[in-house]
Amino acid sequence: MSRVFLEHAAKLGIIADIAAAVTIGDEANIALLDEHGVRFVEVPNMPLGAKHNAALALAMAMGGQRFMVLPSDDLISREWLEVFRASGEAY
């Protein structure tokens, strides 16, 4: 997980909405997620699709109904987030 990603998410006010999947035993990233209060599951790194599905299952368990998959090296703009939140359209 990227510190830059988490700090950006905090500025956007979405840090509490993040459900992350972290590689089993990745202590540095686990500590970073704990530091930011992000809920996460530990899973094998491969296959990547299974890792995304684990994060999605966590997000659904958190009550989410609409989702974005954002790798930790991708940042979104406040404007894009506002459009996403305002739209009821399927992506």
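Before any of the text, the structure's been laid out above.
Fair warning: this is a prediction, and the values are worked out from it, not measured in the lab.

Looking now at helix 2 (residues 27-36). Looking at helix 2, one finds that the buried residues are Asn29, Ile30, Leu32 and Leu33. Axial view of helix 2: buried residues confined to an arc of 160°, hence all on one face. In this structure, helix 2 carries Glu27, Ala28, Asp34 and Glu35 as exposed residues pointing more than 90 degrees from its buried face. On the buried face of helix 2, the contacting elements are helix 1 (3-12), strand 1 (19-23) and strand 2 (39-43). Phi turns positive, to about 70°, at Gly37, one or two residues after helix 2.

Cis rather than trans, the peptide bond between Met46 and Pro47 has omega equal to 0°. Mapped onto the secondary structure, Pro47 falls in the loop between strand 2 and helix 3 (48-61).

What follows deals with the side chain of Lys51. Along the chain, the position of Lys51 falls in helix 3. Despite being buried, Lys51 has no salt bridge partner; Asp26 is the closest side chain of opposite charge, sitting 6.5 Å away. For Lys51, the side chain forms a polar contact with the side chain of Thr23, separated by 2.9 Å. Those residues in contact with Lys51 that sit more than four places away from it in its chain are Ala21, Val22, Thr23, Val43, Pro44 and Asn45.

Here we take up a nonpolar patch on the surface. Among the surface-exposed residues, Leu56, Met60 and Phe67 lie close enough to one another that they form a single nonpolar patch of about 260 Å² accessible area. Considering the arrangement of structural elements, one finds Met60 in helix 3.

Among the five residues that make up strand 1, four are buried, leaving the element largely enclosed by the rest of the structure. As paired strands, strand 1 and strand 2 are joined by five bridges and run parallel to one another. In the strand pairing of strand 2, Thr23 is matched with Val43. Read as a crossover between parallel neighbours, the route from strand 1 over helix 2 to strand 2 is right-handed.

Over its 14 residues, helix 3 runs 20 Å from end to end, which matches the ideal 20 Å to within 8%, given 1.5 Å per residue. Within the span of helix 3, buried status applies to Lys51, Ala54, Ala55, Leu58 and Ala59. Buried positions in helix 3, seen along its axis, are confined to an arc of 140° and lie on one side of it. Exposed side chains of helix 3 directed beyond 90 degrees from the buried face belong to Asn53, Met60 and Ala61.

Cut-offs applied
- Throughout this document, residue positions are counted from 1 along each chain, in the order its sequence is written.
- The model is predicted, so local features are restricted to residues of pLDDT at least 70 and side-chain atom pairs to those at 80 or more, both for listing and for counting; the totals for chains, interfaces and linings are taken over all residues.
- Water and hydrogen atoms play no part in the side-chain values, which are based on all heavy atoms of the structure.
- Burial status follows relative accessibility: with a 1.4 Å probe on protein chains alone, a residue under 20% of its type maximum counts as buried, one over 50% as exposed, and anything between as partly exposed.
- Runs of H or I in DSSP of at least four residues are treated as helices and runs of E of at least two as strands, each being numbered from the N terminus.
- It is the directions from the helix axis to the C-beta atoms that the arc portrays.
- Between two residues, a contact is recorded if the distance between any of their heavy atoms is within 4.5 Å.
- Charged-residue counts in this description rest on Lys and Arg as positive and Asp and Glu as negative, His and the chain ends being excluded.
- Salt bridges are defined by distance alone: a side-chain nitrogen of Lys or Arg within 4 Å of a carboxyl oxygen of Asp or Glu.
- Polar contact criterion, stated in full: a pair of N or O atoms within 3.5 Å, where within protein one must be able to donate a hydrogen and the other to accept it, and residues adjacent in sequence count only if both atoms are side-chain atoms.
- To count toward a patch, a residue needs a relative accessible area above 30% and no salt bridge. Like charges then connect within 9 Å, nonpolar side chains (Val, Leu, Ile, Met, Phe, Trp, Tyr) within 5 Å.
- All accessible-area figures derive from a Shrake-Rupley calculation using a 1.4 Å probe, and residue coverage is judged against the displayed protein chains alone.
- Here a strand pair is declared whenever DSSP counts at least two bridges between the two strands.
- Orienting the strands away from the viewer, one traces the path from the first strand over the helix to the second; a clockwise path indicates a right-handed crossover.
- Residue count minus one, scaled by 1.5 Å, sets the expected span of a helix.

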